[in-house]
Amino acid sequence: MGSVAFRNVTKRFANGHEALKNVTVEVDEGTMAFIRGHSGAGKTTFLRLLLGIESPTRGQVVVNGVDIGKLSRRRLPRYRQHLGAVFQDAHLLMHRTVFENVALPLRVTGVGKRDIGRRVRPALERVGLLEQEAYLPVFLSAGERQRVGIARAVVNRPKVLLADEPTGNLDPHLSRDVMRLFLDFHRVGTTVIVASHDHGLIESLGMRVIELDHGTLAGGRG
Amino acid sequence: MGRQTDPWPAHARPAFATVRDHARVAGESFYFVSSRVGASLVIWLLIGIALALPGGLYLIERNLTGAMDRWEGRVGLSVYFEPGSGSAGAQALAARLEAMEETERVWVVTPEEALEEFRGDTEVSDALDLLEDNPLPASVRVSLAEGVPSATVSRLAGEASADEAVEEVVIETTWLERLAAIAAAVERLGWMLAGLFGLGAALVTLSSVRLAIESRLEELRVQKLVGGTDAFVRRPFLYLGIIYGVGGGVLAAVLNAAALLALEAPLRTLLEGYGQDLELTGLDHIFAGALLGVGALLGVCGAMVASRQRLRGLEPV
Ligand SMILES: Nc1ncnc2c1ncn2[C@@H]1O[C@H](COP(=O)(O)OP(=O)(O)OP(=O)(O)O)[C@@H](O)[C@H]1O
Ligand SMILES: [Mg+2]
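Residues numbered from 1 in each chain as written. Chains lettered and ligands numbered in written order. Predicted model: local features only at pLDDT ≥ 70, side-chain atom pairs only at ≥ 80, totals over all residues. Heavy atoms only, no water.

Some thoughts on the overall build of chain A
Helix and strand counts for chain A come out as 7 helices and 10 strands. In terms of overall dimensions, chain A has C-alpha extents of about 45 × 40 × 35 Å along its principal axes. Here the analysis covers contacts within chain A between residues at least 6 apart in sequence; of these, 69% occur between residues at least 24 apart. In the structure as shown, chain A presents an accessible area of about 9,400 Å², 48% of it carried by carbon and sulfur atoms. Charge-centre separation for chain A: the mean point of 32 positive side chains lies 8 Å from the mean point of 22 negative side chains. (Helix = DSSP H or I, 4+ residues; strand = E, 2+ residues; numbered from the N terminus. Contact = heavy atoms within 4.5 Å. Areas by Shrake-Rupley, 256 points an atom, 1.4 Å probe, with all protein chains shown as cover. Lys, Arg positive; Asp, Glu negative; His and termini not counted. Charge placed at Lys NZ, Arg CZ, Asp CG, Glu CD.)

Right, dumping it as structure tokens:
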């Protein structure tokens with residue numbers, strides 16, 4: 001549960017720009033991989049295709065044997081319920097408490113009240129925000145918001161965890177903590193794909209690297 | 001690649017989960033509405049007025065036809081005697097009519113009583129005092145039994161006018177015919193207004209719900225990102241539509257009740273002139289329930305259209 005494959009994927013936007021060009025990549029289940037590349041290389045586009053937010057112009061994005069581009073409107077939400085996604089901007093609900101933000105994926109899948117508490121609190125504890133559970137996001141620092149976003153991404157125990165520059169707002173110490181968190185999920189069998197600029201961090205972890213250059217696959221490592 | 005039965009199975013979902021989510025969303029929607037009392041009240045009033053107009057016309061029409069039903073076949077006769085002929089002739093005629101099977105109620109209005117009635121009705125009593133003689137005639141009023149054929153009515157009228165002292169016999173059917181025509185017109189007007197104003201009520205919810213959606217677009221995007229289904233994302237807005245619609249229905253019922261209360265006194269006076277007691281009907285729990293139901297339905301429809309328009313192409317983040 002959680003193998004990812006891009007097969008000759010090209011993504012051309014309405015303005016004619018090709019953000020990905022004939023990309024073929026396989027990420028096995030349980031792998032942790034980094035997507036690296038200059039700004040505009042196509043990292044975010046790669047992740048948005050995986051989330052089913054964009055669909056490929058050509059080729060297939062296949063997750064767990066299913067062509068994501070062909071999922072019906074009804075099935076797409078169910079697929080997303082098995083993913084966890086973290087963005088550089090945490091995209092939190094500003095009028096909801098930290099707790100409610102993290103509980104959202106559980107509400108979507110119909111988890112009961114007591115179980116929500118049982119699962120939200122450990123997730124908040126892992127990102128070190130248990131004491132702020134009643135705060136509104138406006139009272140949090142950028143790094144804290146980012147960590148709320150991470151807690152929300154992992155609270156439903158996703159099969160695939162996607163992160164777009166998750167450490168962009170964090171100091172080196174916190175970045176390392178976040179990566180350690182991702183590593184923990186990787187160790188229990190979650191497929192983790194992280195787009196990042198942070199060369200030092202990527203090198204220090206020694207994981208698989210997918211290198212993008214102007215939308216084309218430029219080798220990498222792993 | 002071997003095809004599994006379902007590579008992305010639905011999360012184990014407790015049987016009660018959807019009901020629970022409905023309850024949660026309903027609560028949140030109430031909170032949303034009550035935290036914006038001012039704006040919500042305006043919306044309720046708009047919908048309420050839109051529903052109250054056709055509702056009120058329905059009540060009027062229903063009471064008019066109700067009144068006609070009660071009078072059907074009970075045509076009245078008024079036999080007016082020559083002024084100054086005294087009431088003895090009237091008493092005699094009344095006795096004769098009373099004995100007939102076709103009559104239900106016969107009563108004599110003496111010139112004195114007629115004068116009293118006239119005094120009560122008008123503000124010319126001072127002028128009346130100046131007159132030496134009572135200018136009003138005695139009369140016999142007859143209400144006929146149910147189902148008396150019009151031929152019999154004419155025969156009775158003929159018999160009454162055969163009396164020397166009788167000046168005029170009035171068959172009181174014309175006002176019934178008029179009433180029937182008015183009721184038919186009111187009914188038609190009611191349907192037209194119901195269509196127009198129902199559409200108006202739906203449009204009011206539509207634009208209010210659209211505003212609510214617009215103000216929460218960020219939230220909806222996040223919900224879609226974490227796998228919120230269309231039903232899940234749309235749910236709060238359907239409840240919003242229901243709350244707006246039902247609230248409008250409540251206000252419409254209140255407005256109708258107030259209007260009926262205000263109309264009761266003048267209508268009573270009007271009907272008493274025909275020897276009838278006022279019996280306003282229609283404003284019961286069924287009517288109120290129908291207003292709420294129609295309000296809820298229109299609210300849901302408006303909310304459906306709004307969320308369909310706005311949420312269809314909405315992509316997360
Ligand atoms: N909706 C769009 N319409 C047109 N062009 C787009 C659209 N989205 C992205 N692009 C273009 O596609 C290219 C790849 O964008 P993408 O966001 O994937 O880059 P990135 O690798 O994530 O960059 P960064 O590191 O700056 O986040 C960019 O040149 C961008 O301008
Ligand atoms: Mg990017």
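A look at the domain arrangement of chain B
Domain boundaries assigned for chain B yield domain 1 (22-70 + 177-314) and domain 2 (76-172). Each of domain 1 of chain B and domain 2 of chain B was reduced to a C-alpha centroid, and the two centroids are 49 Å apart. (Domains from an automatic or database assignment.)

Observations concerning the sheet that holds strand S3 (residues 139-144) of chain B
All names here are of chain B. Here we have 4 strands laid out as an open sheet, ordered S2-S3-S1-S4, and antiparallel in their pairing. Where the open sheet ends on each side, the last strands, each with one partner, are strand S2 (103-109) and strand S4 (166-172). Averaged over all neighbouring strand pairs, the angle between strand axes comes to 15°, with direction disregarded. Sitting on the sheet, helix H3 (residues 88-99) touches strand S1 (76-81), S2 and S3, and the angle it makes with S2 is about 170°. (Pairing = 2+ DSSP bridges. Axes fitted to C-alpha atoms, helices over the stretch in contact; angles between N-to-C directions.)

Section: the site of ligand 1
Residues and elements named next belong to chain A. With respect to spatial proximity, 14 residues lie near ligand 1, and among them Ser39, Gly40, Lys43, Thr44 and Thr45 are the closest. Note that an oxygen atom of ligand 1 is positioned 2.5 Å from one of the side-chain N or O atoms of Ser39. Ala41 places a main-chain nitrogen or oxygen 3.2 Å from an oxygen atom of ligand 1. Protein contact buries 64% of the 640 Å² of open area that ligand 1 shows by itself. Among the elements that line the shell around ligand 1, the one with the most residues is helix H1 (residues 43-50), at 3 residues. Residues that form the shell around ligand 1 fall into these classes: 3 nonpolar, 9 polar and 2 charged. (Near = heavy atom within 4 Å. Polar contact = N/O pair within 3.5 Å; in protein donor to acceptor, adjacent residues only side chain to side chain. Nonpolar A, V, L, I, M, F, W, Y, C, P; charged D, E, K, R; others polar.)

Here we look at H1 of chain A
Residues and elements named next belong to chain A. Of all 8 residues that make up H1, 7 are buried, and the element is covered over most of its length. Restricting attention to buried positions, one finds in H1 the residues Lys43, Thr45, Phe46, Leu47, Arg48, Leu49 and Leu50. Looking one or two residues beyond H1, the residue adopting positive phi is Gly52, at roughly 75°. (Buried < 20%, exposed > 50% of the residue type's maximum accessible area, 1.4 Å probe, protein only.)

Here we look at the side chain of Arg216 of chain B
With respect to the helices and strands, Arg216 of chain B occurs in the loop between helix H7 (174-215) and helix H8 (217-225). On the basis of relative accessibility, which here comes to 15%, the residue Arg216 of chain B falls in the buried class. For Arg216 of chain B, the residues in contact, after removing those within four places along its chain, are Arg96 of chain A together with Phe32, Pro236 and Phe237 of chain B.

As for the interface of chain B and chain A
The interface of chain B with chain A comprises 33 residues on the first partner and 34 residues on the second. Roughly 3,200 Å² is buried in total at the junction of chain B and chain A, and carbon and sulfur atoms are behind 57% of that figure. At the junction of chain B with chain A, the criterion picks out 4 salt bridges. In this structure, the salt-bridge partner of Glu315 of chain B is Arg80 of chain A, at a minimum N-O distance of 3.6 Å. (Buried area = accessible area lost by both parts, 1.4 Å probe. Salt bridge = Lys/Arg side-chain N within 4 Å of Asp/Glu carboxyl O.)

Re the packing of helix H3 (residues 98-108) of chain A against helix H4 (residues 113-126) of chain A
Residues and elements named next belong to chain A. At their nearest, the axes of H3 and H4 sit 10 Å apart, and the two run at 125° to each other. The pairing of H3 with H4 is recorded here as oblique in orientation. Two packed elements cross with a definite hand, and for H3 against H4 that hand is right-handed. Two secondary-structure elements touch here, H3 through Val98, Phe99, Val102, Ala103, Leu106 and Arg107 and H4 through Ile116, Gly117, Arg119, Val120, Arg121, Ala123 and Leu124. Residue classes in the contact of H3 with H4 are distributed as 9 nonpolar, 1 polar and 3 charged. (Parallel < 35°, antiparallel > 145°, perpendicular 65-115°, else oblique. Left-handed = near helix turned anticlockwise from the far one by under 90°.)

Structural notes on the nonpolar core
Met32, Phe34, Val102, Val120, Leu124, Phe182 and Val194 of chain A are the most contacted members of the largest nonpolar core, which totals 40 residues. Among the elements of the structure, strand S3 (32-36), H3, H4, helix H5 (142-154), strand S7 (160-164), helix H6 (172-187), strand S8 (191-195) and helix H7 (199-205) of chain A are those that each provide at least two residues to this core. In terms of residues, this core owes the most to one element, H6 of chain A, which gives 7 residues. Three or more residues apiece are contributed to this core by two domains, here domain 1 (1-82 + 159-222) and domain 2 (90-157) of chain A. Contact partners of Phe182 of chain A, with chain neighbours within four places excluded, come to Met32, Val86, Ile150, Leu161, Ala163, Pro166, Val192 and Val194 of chain A. Formed by 34 residues, the second largest nonpolar core is a distinct cluster that contains Val33, Leu220, Ile243 and Ala252 of chain B. (Core = buried A, V, L, I, M, F, W, Y, C linked by side-chain atoms within 4.5 Å.)

Side note on the confidence of the model for chain B
On average, residues of chain B score 82 in pLDDT, and 85% of them reach the 70 mark or higher. Interface confidence in the predicted complex, given as ipTM, is 0.90; pTM for the same model is 0.74. (pLDDT = per-residue confidence, 0-100.)

Considering the sheet that holds strand S1 (residues 4-12) of chain A
Residues and elements named next belong to chain A. Taking strand neighbours across the sheet as the criterion, the 4 strands line up as S2-S1-S4-S5 in an open arrangement whose pairing is antiparallel. Here the strands that pair on one side only, and so sit at the sheet edges, are strand S2 (18-27) and strand S5 (66-67). When S1 meets S2, the two strands line up antiparallel, connected through 6 bridges. The partner of Val9 across the bridge, within S2, is Val23. Taken strand by strand, H1 contacts S1, S2 and strand S4 (58-63), and its axis lies near 115° from that of S1.

Points about the domain arrangement of chain A
Residue and element names in this part refer to chain A. For chain A, the assigned domains read domain 1 (1-82 + 159-222) and domain 2 (90-157). Computed from C-alpha atoms alone, the centre-to-centre distance between domain 1 and domain 2 is 23 Å. Every contact between the two is made by 13 residues of domain 1 and, on the other side, 13 residues of domain 2. Among the residues of domain 1 in contact with domain 2, Gln81, Leu181 and Phe185 are the three that bury the most area, contributing 42% of the side total. Remark: the boundary between domain 1 and domain 2 carries 1 salt bridge. Note that Asp184 and Arg126 form a salt bridge whose closest N and O atoms lie 2.8 Å from each other. At the junction of domain 1 with domain 2, the criterion picks out 2 residue pairs in polar contact (both at pLDDT 80 or more). A per-element tally of the side of domain 1 that touches domain 2 places H6 first, with 6 residues.

Comments concerning unusual backbone geometry
Negative phi values dominate among residues other than glycine, just as trans dominates among peptide bonds. In this structure, Asn22 of chain A takes a positive phi of about 45° despite not being glycine. On the secondary structure map, Asn22 of chain A appears in strand S2.

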